[in-house]
Amino acid sequence: MRCLVTGGAGFIGSHLAEELLRAGHAVTVVDDLSTGSIENIEPLTSEVRFRYVIDTILNRRLMAELVDWADIIFHLAAVVGVKLVVEDPVRAIRTNVRATEIILELAAPKRKKVVFTSTSEVYGKTSRVPFREDDDLVLGAPWRSRWGYACSKALGEFLALAYWREYGVPVVIARLFNTVGPRQTNRYGMVIPTFVCQALRGEPITVYGDGQQTRSFCWVGDTVRALVALAEHPGAVGQIFNVGSDEEVRIVDVAHQVKALTGSVSPIVFIPYDRAYGDDFEDMRRRVPDLTKIRALIGYRPTVRLEEILRQVILYYRSSECQSKLDSPTAMSFSGF
Ligand code: UDP
C-alpha cells in the first residue's frame, strides 16, 4: 500500500511511518517541521520505500499530488500540546480545521481512505469515566482557549463522517489518549517528558494543581499498531475508536514514580494552574478510555504498562542523542508563560 502520513516527522507520525515500512508499505511523509523534526525520520531516509516532503499541508497543490499518489492517508498533522494551544489558539484552530478540510476534499474524488487522528480532548470535562465513543462531548466555555482545540478536532470528526456519509469517502477516526514514548519532546509541556527531563536535571518536578487529576498513558508502539490495524480493517470505516491505555494514574504519582526511577534528588513542587497556563485554564479531573469497541474489532490491548513506559522514556533521555536536549533549559521549567 502507498501510505501518506501528514505530520510524519512528529513523535507519533514518525513511529507510524516506521511501523508502515516494517509492514512492507511505501511511505511518504509530509511535515512542515513546526513541531516535528528531521531527527525523528533520519533513520528512515535510507529506505527506498520512504520519502519525505518538508512543506505545509495547507499547500493545496502539493497535497493534491501526494493524495493522488497515496492509497491511504493517515492525517496526523495538527498543532500539539496544551501549552501551544493556549499560547496560539488561532494557529491551533486554523491548522486543524483547514488541513482536515483540504485532505478530505482531495480524498473525495477517488474515495481514498483517510485515517483521521482525533484526540481524547474532545470528551472535554465529562465526569462519566471511562469515556465511550458514543458519549456526549462536554466542552467548556469558548473564552477558555483550551476548548478551541477540542472543538477543532471535533469539527474534523464531523467533517470526516460527513464525507463518508455524503460522498462515500472511507474514513476512520481514532481518538488518541495521552500517547508517550521515545522522541516525544519536552518542548510543548507534555507531562512525562517534562517530568523526566526535570528529574534528570535535578530541577523541581512541577505538578500542576493538586496532582489528583488522572490520565492513562499509552505506549506509542501500541498506538501506531492500532492505527495500522484500524486502517486495514473494513469494519472500521465510518467509525470512531478510542486508542489508548486504561491504566489510570494520578499525576502526582507519576511525579513520584519518575523521581524514584531516575534516582533524582529533584523536589516535587505544586504549581497552581493559573501560573502554568494562565487564568482562563480548565483541566479535566479524570481521563480514561473505554476500550471495548476497539478490542472487539481488532483485538487491541495495550501491551506496555506505565512503569515500563517511564523506564523507556528515561532511557531515551539518558541516551547520547538527547544530551543536548537535557543541556538546554527546560521550556517548562518554571518561568511561566
Ligand atoms: N502536568 C503537570 N506538570 C507538567 C505538565 C503537565 O502536572 O509539567 C499535568 C497537566 O496539568 C495535566 C496532565 O499533567 O493534568 C497531563 O498533561 P499533558 O499536557 O501531558 O496532557 P493533557 O492530558 O493535559 O492533554
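Before reading further, recall that the structure is shown in the block above.
Below, the structure is looked at part by part. Being a predicted model, the structure only gives us computed values, none of them experimental.

1. Comments concerning the site of the ligand
Part 1 of the argument: Residues in contact with the ligand amount to 19 residues; listed here are only the nearest, Thr 206, Tyr 208, Arg 215, Asp 283 and Arg 287.
Part 2 of the argument: One nitrogen or oxygen atom from the main chain of Val 191 is found 2.8 Å from an oxygen atom belonging to the ligand.
Part 3 of the argument: In the environment of the ligand, an oxygen atom lies 2.6 Å from a nitrogen or oxygen atom belonging to the side chain of Asp 283.
Part 4 of the argument: Notes on the ligand: free accessible area 520 Å², of which the protein chains cover 94%.
Part 5 of the argument: At the level of elements, helix H7 (191-201), strand E8 (205-208) and helix H10 (273-277) are the ones that each hand at least two residues to the shell around the ligand.
Part 6 of the argument: The class makeup of the residues in the shell around the ligand is nine nonpolar, five polar and five charged.

2. Re the packing of aromatic side chains
Part 1 of the argument: Inspection of the entire model under this criterion finds nine aromatic pairs.
Part 2 of the argument: Considering the side-chain rings of Phe 131 and Phe 177, the 6.3 Å spacing of their centres and the 45° angle between planes classify their relative orientation as tilted. Separated by 46 residues along the polypeptide, Phe 131 in the loop between strand E5 (113-119) and helix H6 (146-167) and Phe 177 in the loop between strand E6 (171-176) and strand E7 (179-180) bring together distant segments of the chain.
Part 3 of the argument: In this structure Phe 131 comes out as buried when scored by relative accessible area, which is 0%.
Part 4 of the argument: Judged by its relative accessible area of 0%, Phe 177 is buried.
Part 5 of the argument: A centroid spacing of 5.3 Å and a plane angle of 85° characterise the contact between Tyr 208 and Tyr 277, whose relative ring orientation is edge-to-face. Placement of the pair is Tyr 208 in strand E8 and Tyr 277 in helix H10, with a sequence separation of 69 residues. One exposure class covers both Tyr 208 and Tyr 277, and it is buried.
Part 6 of the argument: The rings of Tyr 208, Tyr 273, Tyr 277 and Phe 281 are connected pair by pair, giving a single aromatic cluster.
Part 7 of the argument: Here the basic side chain of Arg 175 rests over the ring of Tyr 123, its NZ or CZ set 4.8 Å away from the ring centre.
Part 8 of the argument: The cationic tip of Lys 293 hangs over the ring face of Phe 241; the distance from NZ or CZ to the ring centre is 4.9 Å.

Criteria and thresholds
Residues numbered from 1 in each chain as written. Predicted model: local features only at pLDDT ≥ 70, side-chain atom pairs only at ≥ 80, totals over all residues. Heavy atoms only, no water. Near = heavy atom within 4 Å. Polar contact = N/O pair within 3.5 Å; in protein donor to acceptor, adjacent residues only side chain to side chain. Areas by Shrake-Rupley, 256 points an atom, 1.4 Å probe, with all protein chains shown as cover. Helix = DSSP H or I, 4+ residues; strand = E, 2+ residues; numbered from the N terminus. Nonpolar A, V, L, I, M, F, W, Y, C, P; charged D, E, K, R; others polar. Phe/Tyr/Trp six-rings, centres within 6.5 Å; stacked < 30°, edge-to-face > 60°. Buried < 20%, exposed > 50% of the residue type's maximum accessible area, 1.4 Å probe, protein only. Lys NZ or Arg CZ within 6 Å of the ring centre and 35° of its normal.

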